[in-house]
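Spelled out, the chains give:
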Amino acid sequence: MTEATALYDVPGPRTRRRHRLYGAVSAVVIVALATWILYLLVDTEQFTYTKWMPFAYEGIQRLLLRGLGNTLKAFAAAAVLSLALGGVLAAGRLSDHRPVRWAATLVVEFFRAMPVLVMIFFIFVALKAQPLPALVAGLTLYNGSVLAEIFRSGINAVERGQHEAAFALGMRKTQVMAHVLAPQAVRAMLPAVISQLVVALKDTSLGFLITYEEFLHAGKLIASNLDYDLPFIPVVMVISPIYIGMCMLLSWFAGWVSRREQRSPRTEAVAVATAGPGTLLPGGEPPTAPRP
């Protein structure tokens with residue numbers, strides 16, 4: 001008989017039959033929905049040769065590759081700067097100095113509440129920045145402020161006794177943060193950090209509103225071409241899997257980092273030999289029977 005797990009009770013025979021029925025019904029509904037969507041696409045002539053012909057041209061392929069490269073360039077710069085800004089703001093919010101803590105809190109709350117598109121437009125129009133710096137700056141200010149809260153929450157989630165023990169050993173606050181709290185908080189923060197980086201990756205598509213030639217901008221140019229009968233749906237069917245693949249690649253990278261951290265010698269348990277009879281403490285002498 002199968003034993004119950006710590007998370008849930010193992011279902012019995014009737015429950016398993018009911019789950020199989022639910023699974024079969026769900027599969028039928030999903031297949032029916034996919035068939036209906038495919039019928040609509042065929043009925044509206046979305047698979048005609050004219051609409052898919054642009055992707056066979058080398059110039060269109062180069063346009064998409066250039067847009068994809070620009071998207072990755074903006075994301076890489078925004079991700080690095082957001083992580084750096086988030087670390088600085090999180091350190092400010094955790095500071096013992098009240099003015100520093102208040103200033104960091106004001107910056108974080110302001111940029112978290114400000115829509116990222118407004119910030120990008122303000123930097124592009126009011127400050128007359130180029131499209132790439134305006135996009136990267138807007139993404140950095142927003143995502144950096146969100147990451148600051150993630151970092152602060154991760155540090156505060158570490159058990160209080162950890163930093164108390166470190167302070168008792170005579171470590172300074174920077175040493176406690178760098179060598180005790182941050183390594184333990186990384187595991188808890190990693191899923192939220194990766195989720196926010198996925199948000200930053202998707203928000204790079206806002207660059208087409210300020211004429212930055214990123215991936216979505218390239219797709220928009222192709223989709224609005226009258227010569228190819230406005231191939232909007234084919235462009236979506238080509239671009240969407242690439243965006244999804246990049247997000248899945250980020251998730252895979254997070255899992256790889258997590259597994260690598262678990263295999264790290266710093267986090268593995270150290271085997272300790274079992275104390276046997278007659279084991280001496282360092283500097284000790286073997287016990288002797290009292291003399292009569």
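Residues numbered from 1 in each chain as written. Predicted model: local features only at pLDDT ≥ 70, side-chain atom pairs only at ≥ 80, totals over all residues. Heavy atoms only, no water.

In the annotation of an unreviewed UniProt entry, the chain is listed under the name Amino acid ABC transporter permease and assigned to Streptomyces sp. 900105245. UniProt lists a comment for the chain under the heading Sequence similarities (unreviewed entry), and it reads "Belongs to the binding-protein-dependent transport system permease family." (UniProt positions renumbered as here; feature names shortened; annotations may be inferred.)

Enquirer: Give me the lowdown on the side chain of Asn70, citing residues and values where you can.
Expert: Looking at the element boundaries, Asn70 is found in helix α3 (residues 58-93). Sequence-distant contacts of Asn70, defined by excluding residues within four places in its chain, comprise Tyr212, Glu213 and Glu214. (Helix = DSSP H or I, 4+ residues; strand = E, 2+ residues; numbered from the N terminus. Contact = heavy atoms within 4.5 Å.)

Enquirer: Describe in detail the packing of aromatic side chains, supporting the description with residues and values.
Expert: Using the criterion set out here, one finds four aromatic pairs in the structure. With 6.4 Å between their ring centres and 5° between their planes, Phe47 and Trp52 make a pair best called stacked. For Phe47, a relative accessible area of 39% corresponds to the partly exposed category. When the ring of Phe110 is compared with that of Phe111, the centres are 5.1 Å apart and the planes differ by 80°; the resulting orientation is edge-to-face. (Phe/Tyr/Trp six-rings, centres within 6.5 Å; stacked < 30°, edge-to-face > 60°. Buried < 20%, exposed > 50% of the residue type's maximum accessible area, 1.4 Å probe, protein only.)

Enquirer: Go over unusual backbone geometry with me, naming the residues and quoting the values.
Expert: The phi torsion at Glu45 lies on the positive side, around 60°, for a residue other than glycine. Tracing the backbone through its elements, the reader meets Glu45 in the loop between α1 (13-43) and α2 (49-52).

Enquirer: Mind laying out the UniProt feature "transmembrane region" (unreviewed entry) in the chain, listing which residues take part and the relevant values?
Expert: In the numbering used here, UniProt assigns the "transmembrane region" (unreviewed entry) feature to residues 21-42, 74-94, 106-127 and 232-257. Span residues 21-42 is 100% helix and 0% strand, its end C-alpha atoms 32 Å apart. End C-alpha atoms of residues 74-94 are separated by 30 Å, and the span's content is 95% helix alongside 0% strand.

Enquirer: Can you tell me about a positive patch on the surface, naming the residues and giving the values?
Expert: Judged by side-chain charge, Arg14, Arg16, Arg17, Arg18 and Arg20 come together as a positively charged surface patch. On the secondary structure map, Arg17 appears in helix α1. (Patch = residues over 30% accessible without salt bridge, like charges linked within 9 Å, V, L, I, M, F, W, Y side chains within 5 Å. Areas by Shrake-Rupley, 256 points an atom, 1.4 Å probe, with all protein chains shown as cover. Salt bridge = Lys/Arg side-chain N within 4 Å of Asp/Glu carboxyl O. Lys, Arg positive; Asp, Glu negative; His and termini not counted. Charge placed at Lys NZ, Arg CZ, Asp CG, Glu CD.)

Enquirer: How would you summarise a nonpolar patch on the surface if you had to cite specific residues and measurements?
Expert: A surface patch of nonpolar side chains, amounting to about 520 Å² of accessible area, comprises Leu33, Trp36, Ile37, Tyr39 and Leu40. Examined against the element boundaries, Trp36 turns out to sit in helix α1.

Enquirer: Give a description of the pattern of salt bridges that names residues and reports values.
Expert: Counted under the stated rule, the structure contains seven salt bridges. Note that Glu58 is salt-bridged to Arg62, the shortest N-O span being 3.1 Å. Here Glu58 pairs with Arg62, and both are found in helix α3, just four residues apart, close to one helical turn. On the basis of relative accessibility, which here comes to 47%, the residue Arg62 falls in the partly exposed class. Note that Glu149 is salt-bridged to Arg93, the shortest N-O span being 2.4 Å. With a gap of 56 residues between them, Glu149 in helix α6 (residues 131-157) and Arg93 in helix α3 connect regions that are remote in the sequence. Judged by its relative accessible area of 13%, Glu149 falls in the buried class.

Enquirer: Give a description of the layout of surface pockets that names residues and reports values.
Expert: Volume-wise, the largest pocket comes out at about 270 Å³. Lining the largest pocket are 15 residues, with Gly87, Ala90, Ala91, Leu94 and Met177 positioned closest to its centre. Elements that contribute at least two residues to the lining of the largest pocket include exactly α3, α6 and α8 (173-203). No other element matches α8, which puts six residues into the lining of the largest pocket. (1 Å grid on protein atoms, 1.4 Å probe; cavity = no way out; pocket = protein on both sides within 12 Å on 5 of 7 lines; lining within 4 Å. Points joined across faces, edges and corners; volume = space filled by probe spheres on them.)

Enquirer: An account of the packing of helix α4 (residues 98-113) against α6 is requested, with residue identities and associated values reported.
Expert: At their nearest, the axes of α4 and α6 sit 8 Å apart, and the two run at 125° to each other. On the basis of the axis angle, α4 is oblique to α6. Crossing of α4 over α6 shows left-handed handedness. In this structure, α4 uses Val108, Phe111 and Arg112 to contact α6, whose residues at the interface are Leu141, Tyr142, Ser145, Val146, Ala148 and Glu149. (Axes fitted to C-alpha atoms, helices over the stretch in contact; angles between N-to-C directions. Parallel < 35°, antiparallel > 145°, perpendicular 65-115°, else oblique. Left-handed = near helix turned anticlockwise from the far one by under 90°.)

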